Every structure is written in C-alpha cells, then in structure tokens.
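Chain by chain, the residues run as shown.
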Amino acid sequence: MTSVVLIAEPLAPSAIDVLAYDYEVRQVDGGDREALLAQVAEADALIVRSVTRVDAEVLAAGPHLRVVARAGVGLDNVDLAAATARGVLVVNAPTSNIVSAAEQAIALLLATARHTATASASLKSGRWQRSRFVGVELQGKTVGVVGLGRIGVLFAQRMAAFGTRLIAYDPYVQPARAAQLGVRLVGLDELLRESDFISVHMPRTPETVGLIGEKELGLVRPGVRIVNAARGGLIDEDALAAALREGRVAGAGLDVFVTEPITESPLFAFDNVVVTPHLGASTAEAQDKAGLSVARSVKLALDGEFVPDAVNVQAGGVVDEDVRPLLALAEKLGKVFTALAGHVAANVTVEVRGEIVSHDVGVLRLATTKGLFASVVDERVTYVNAPRLAAERGVEVELVVSEEPADHNLVTVRGALPDGRSVSVAGTLAVHGTREVAKLTGLDDFDLDLNADGVLLFFRYSDRPGVVGAIGTLLGEAGVNIAAMQVARREAGGEALMTLTVDSSVGAELLSTVAAEIGAERGSAVDLRINGQPAPVAGRPSRPADPADRG
C-alpha cells in the first residue's frame, strides 16, 4: 500500500516532486482544524510550516503517522513530547535559512553605515540632501561578531571580503578554529571596546537575554554601529535607545525584537536605526531549501532509512538494551561538565567502567557530546548533529573503556581547560524501587550522592559557618525555592563543595551575587530536566555565563 504524505501548507513544487513519484501526496488547509483532523487519519507523514498546530490531538488522530516535518527552522507549533511519546519522528530544516540570515545581517550593517533607508525616504519625499547622509566605509574597520556559530561564521566570511578586521566573542569556539576563519577571539568587553561594527549571532536563552545592556553599551567605542538579526532580547532595547539618544551608538540595524509582531517602539523614532519585520529567513531560496530538506527527510523516514535532521531520535543504529539506560546519564554528565567548566573544553574524555563494557558503549561518547553542547547552541542538539557541532568548534571527545573491576557501571567525563583547570564529573545508575535513577557520584575529587535531575547549582568555597544561611537568604529573596542541598568537604575549614537542587532556573547575575557573598570563585548552574519545560529565570543576567549561538 502506498504511503500517504499530507501537506498542510504551501510547499515548493520541487519539494512536492521529490515525494510525488513514490508516495500519494495529498493537501489540506492546516488552518482548517476539522479538515486537518479528518485527513491526517490516513496520513503516514505530515508536512507543515508555521501555521498548522501539530499537538497531541492531531497526533492522536493520525494513527499511521510515522513522521512530522516542519519546513522551517523552529518547532514551536509541533508538540515534540507528544510526538516522541507516540513514536512519531519529528524533523525540521535547521540549515535552510542560514545564508539568508547572514545576508540579512550584512544588509542591515551596510544600511546603517550608509544611511540607506533614511536617504531613500528623503529623496522620495522630494529632497536631495547629499551632505546630510555622509556614511562610513567598512574597509579597514573592526567588525565584532558576537557568536561564531554557523550564521556567525557565514557573516564573518562575507565581512572579510570588505577588507575588515574580524574579532569575535564565543566561549564555545576554540582559538585554533577561529584562526582558521581569520578571526581573533576576544572577551565580550574587549570586543565592545574595539569594534566599529557589532553583529550579534547568539541564541536566546536565559543566560543571553540582555547580553548587551546598559553596562555593555557604556563600554562601546563612540560611533559604533550595532546589528541584531539573530533573536530579540539579546540587546536591551531601552538601553540601546538611551545609547542612541546620547550619541554613543551611531546607528543600529534590527530585524528582531523582544516582542513580535511590533509596530511601535522608541527605537523607531531614530533616523539612524534601520528596522525590518523579522525577515532573516524570508527569501525564496530559504523557503525552497526548507521544503526540499524536509521532503528528503520524509522520504528517508518512510523508506526506513536513517534521518540526519531528526530532532527526537535517541541514537543512530541499534543500541543494546543494557546500554540504553546510560544514554540519559551520559548526556547529563556532559551538561554538568560544561556548566562547571564555563565553556566547552578542547579535549574531553568519556571513561566507562563496569560490566557494561562487555557491550558496545560507543554511543555513550555520542550522548556525552550531545550533553556538552545542549546549552551552548541555538538549535536542538541531537545524536546526529552533536558530532558536527564538536567538529566545528575543534572539540575532540574520546571514549576510554576500562576493564578494571567495578561494583557498578560508572561513567566519568573529564577534560583539561585552557586556563590550567581540570574538571571531572562522574555518575552511575542506582535502582530505586522498580526504576533506575541517574546519580552524580563525584565532582573532581569530591564524593557526591546526588540525583542528576532538576536545576542544580554548584558553589566551591572555604568551609566556614554561615554559608548555608547566606545562600538560603539570597535565593529566598530572589524567589528561588531550594528542594535539596548537599555539602561535601575533605576537612573542616578546608575547601567545600555545595550542591543545591532548586525549583527554577537561576540567572548569571544571581549566581554571581551568591558566589561573591560566600567568597566562591564562581557559581555554576545546570538544568538537567532534559524533557522538561523551561523554568522562569530568577535574576536576569546581563551576559551569558558561557553560551553562544549559533544560529
């Protein structure tokens, strides 16, 4: 029987051609809920864009569904958890718009440099004012790229052709990788002070909201021009308006905003601000690429092949049933490692010990890599794209299998950092009743017995009275509830490690405040709710503890 592919929104003819030869292609108006529910009943695959809402009801109405594909980058309109629970593969087109987005950032940068929009409006209103619109050249200028992911790299490569000096801030890219691109890595403050132009290419996360705020805009070189075609909220819009008003910022190009759609903003009053209504992916080519990408993925899925752009796949190939429970543990250890390190190390070792090594445990390296980048990039990290993300950033992840006897299966993730520090985190699975629970058993040379679940905070400090009370007070004042606390130390008065499980995410500012109050060098936070919903953020950060784009 021929598989049925249901297309709920307009798709490029070339994409339909990919499917029509092998499958029965039907079309429905995804906005017509009743029609969608009726037709999805016979569908093996469903293709949507951004209008059609694929929720639990739609998935339940499609008993034959094997794959849901969104012809675009995001998945806001697809209930990923419900699809996963029903075993429905979900795919999207994560690279379809990267060229269009990079080109949009360049268009905004050029427009701000040459007053293009204002000059056009002036001439169309009947005024010839050449002397009013004197711009600046790009050649010889310093361009700062905030976030050196895929779009940031494309932007930088194109900026190089203008004869610019390129610097970038990205804690998750190794200097050697940046050097290959002709980019010098610097800290965010240095980038702000040195750049004539700044383009932002970060994901929007709790850590990056307000990345460039009042403090950061106070550091910029006078006359700087700033572009944001990535995500709304990375630049504090009120702070940017103030900087424009005071003349510290000479111009801005914005394609994204905190609230969208938006038709009124203080920023719209400035002649030296160019704005567009989130057009980064709005090109014919990007739309065609998205359609073709998901059509090919749907074909692979219906043919029973491996799907590179699957976002909810657990692993490629066959994973032994005894190894499968360790996948989530390894991923969580990777997330904890990155949070403790403050950035991704160039070299990471995954060591596996215990009876489990009699099986093929290679997938645990992949799971750890997935965890290492989970909070670092804008796209959803999968077992498929994790190796690429590591390769792009010059990160090597090695698997070491130890045959030494062990009382239980143990996974340890360790790595050396450029500043000389080394970080290691270990974990195992413990049986609680009828289920296995992921546990953190060690952090560096501290022993732990901590459930690897929820939002975890880590502080290292000199052991002394009053620390527990101080932390409890500060978190309480910020509205953060403590669910569990554990303190590890080697001796009284020596170095201590405090771990807390809390009920909501904690921002960088609050982490820094707590660390300063107790004399800790830094605080770390990690959200191990892999399948959970984002929690509200307490203490809005002014910059990320470490994440970067990617987008």
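Only a predicted model underlies this, so the values are computations on that prediction, with no experimental measurement involved.

**Examining the confidence of the model for the protein chain**
The predicted model of the protein chain averages 88 in pLDDT, with 93% of residues at 70 or higher. Note on residues 531-551: pLDDT is under 50 here. Beyond four places in sequence and across chains, it has 95 contacts.

**Describing the sheet that holds strand E19 (residues 455-462)**
Backbone hydrogen bonds hold the strands of a sheet together, and the pairing may be parallel or antiparallel. Read across the open sheet, the 4 strands follow the order E20-E21-E19-E23; overall the sheet is antiparallel. On the outer flanks of this sheet lie strand E20 (482-489) and strand E23 (523-527), each paired with one strand and no other. Ignoring which end each strand starts from, the neighbouring axes of this sheet average 15° apart. Here E19 runs beside strand E21 (residues 495-502); their pairing, made up of 8 bridges, is antiparallel. Note that in E21 the partner of Tyr461 across the bridge is Ala496. Lying on the sheet, helix H13 (residues 325-341) is in contact with E19 and E23; it crosses E23 at an angle near 155°. In this fold helix H16 (residues 467-477) packs onto E19, E20 and E21, with an angle of close to 30° to the strand it touches most, E21.

**Here's the deal with a nonpolar patch on the surface**
On the surface, Val468, Met485 and Val487 cluster together into a nonpolar patch covering about 210 Å² of accessible area. Residue position: Val468 is located in helix H16. Of the residues examined, Val468 reaches a relative accessible area of 42% and is grouped as partly exposed.

**Re the packing of aromatic side chains**
Enumeration over the complete set of coordinates arrives at 1 aromatic pair. Pairing Phe257 with Phe268 gives two aromatic rings, centres 5.9 Å apart and planes at 85°, and the pair type is edge-to-face. Within this pair, whereas Phe257 is found in the loop between strand E11 (249-254) and strand E12 (273-275), its partner Phe268 is found in the loop between E11 and E12, the two being separated by 11 residues in sequence. With relative accessibility at 32%, the residue Phe268 sits in the partly exposed group.

**Quick notes on unusual backbone geometry**
Residue Pro261 is reached from Glu260 by a cis peptide bond, and omega for that bond is -5°. Although it is not a glycine, His115 sits at a positive phi angle of roughly 55°. Here His115 lies in the loop between helix H5 (98-114) and helix H6 (116-124). On the basis of relative accessible area, His115 is assigned to the buried category, the value being 18%.

**Some points on the nonpolar core**
One finds Val336, Phe337, Leu364, Phe373, Leu440 and Phe458 to be the most contacted residues of the largest nonpolar core, which totals 50 residues. Here this core gets 10 residues from one element, more than from any other, and that element is H13. Once you skip the residues sitting within four places of it in the chain, Leu440 turns out to touch Leu333, Val336, Val425, Ala426, Gly427, Leu448, Asp449, Leu450, Ala452, Leu456 and Phe458. Ranked by size, the runner-up nonpolar core spans 31 residues in total, among them Val186, Ile235, Ala241 and Phe270.

**Looking at the sheet that holds strand E17 (residues 435-443)**
Reading across the sheet, the 6 strands line up as E14-E13-E15-E16-E17-E18 and stay open at both edges, with mixed pairing between neighbours. Edge strands, defined here as strands with exactly one partner in the open sheet, are strand E14 (396-402) and strand E18 (446-451). Averaged over neighbouring strand pairs, the angle between their axes works out to 20° when direction is ignored. In terms of strand pairing, strand E13 (residues 347-353) meets strand E15 (residues 410-416) through 7 bridges, oriented antiparallel. Directly across from Val348, in E15, lies its bridge partner Gly415. Across the sheet, helix H14 (residues 362-372) is in contact with E13, E14 and E15; its angle to E14 comes to roughly 140°.

**A word on the pairing of E19**
Looking along a regular strand, one sees the side chains alternate between the two faces of the sheet. Of all the 8 residues making up E19, 6 are buried; the element is thus mostly covered by neighbouring parts of the structure. Bridge count between E19 and E23: 5 bridges; the pairing is antiparallel. Bridge pairing in E23 places Phe459 opposite Gly523.

**Here's the deal with the packing of helix H1 (residues 13-20) against helix H12 (residues 284-302)**
H12 packs onto H1 with a crossing angle of 10° between their chain directions and a minimal axis gap of 8 Å. In terms of orientation, H1 lies roughly parallel with respect to H12. Listed contacts from H12 to Ser14, Ala15, Val18 and Leu19 of H1 are Gly291, Leu292, Ala295, Arg296, Val298 and Lys299. Tallied by class, the residues present in the contact of H1 with H12 amount to 6 nonpolar, 2 polar and 2 charged.

**A word on the side chain of Ser402**
Along the chain, the position of Ser402 falls in strand E14. Residue classification places Ser402 among the buried residues on the basis of a relative accessible area of 11%. Contacts of Ser402, omitting those with residues within four sequence positions, involve Glu351, Val352, Arg353, Gly354 and Val357.

Procedures and definitions
Residues numbered from 1 in each chain as written. Predicted model: local features only at pLDDT ≥ 70, side-chain atom pairs only at ≥ 80, totals over all residues. Heavy atoms only, no water. pLDDT = per-residue confidence, 0-100. Contact = heavy atoms within 4.5 Å. Pairing = 2+ DSSP bridges. Helix = DSSP H or I, 4+ residues; strand = E, 2+ residues; numbered from the N terminus. Axes fitted to C-alpha atoms, helices over the stretch in contact; angles between N-to-C directions. Patch = residues over 30% accessible without salt bridge, like charges linked within 9 Å, V, L, I, M, F, W, Y side chains within 5 Å. Areas by Shrake-Rupley, 256 points an atom, 1.4 Å probe, with all protein chains shown as cover. Salt bridge = Lys/Arg side-chain N within 4 Å of Asp/Glu carboxyl O. Buried < 20%, exposed > 50% of the residue type's maximum accessible area, 1.4 Å probe, protein only. Phe/Tyr/Trp six-rings, centres within 6.5 Å; stacked < 30°, edge-to-face > 60°. Core = buried A, V, L, I, M, F, W, Y, C linked by side-chain atoms within 4.5 Å. Parallel < 35°, antiparallel > 145°, perpendicular 65-115°, else oblique. Nonpolar A, V, L, I, M, F, W, Y, C, P; charged D, E, K, R; others polar.

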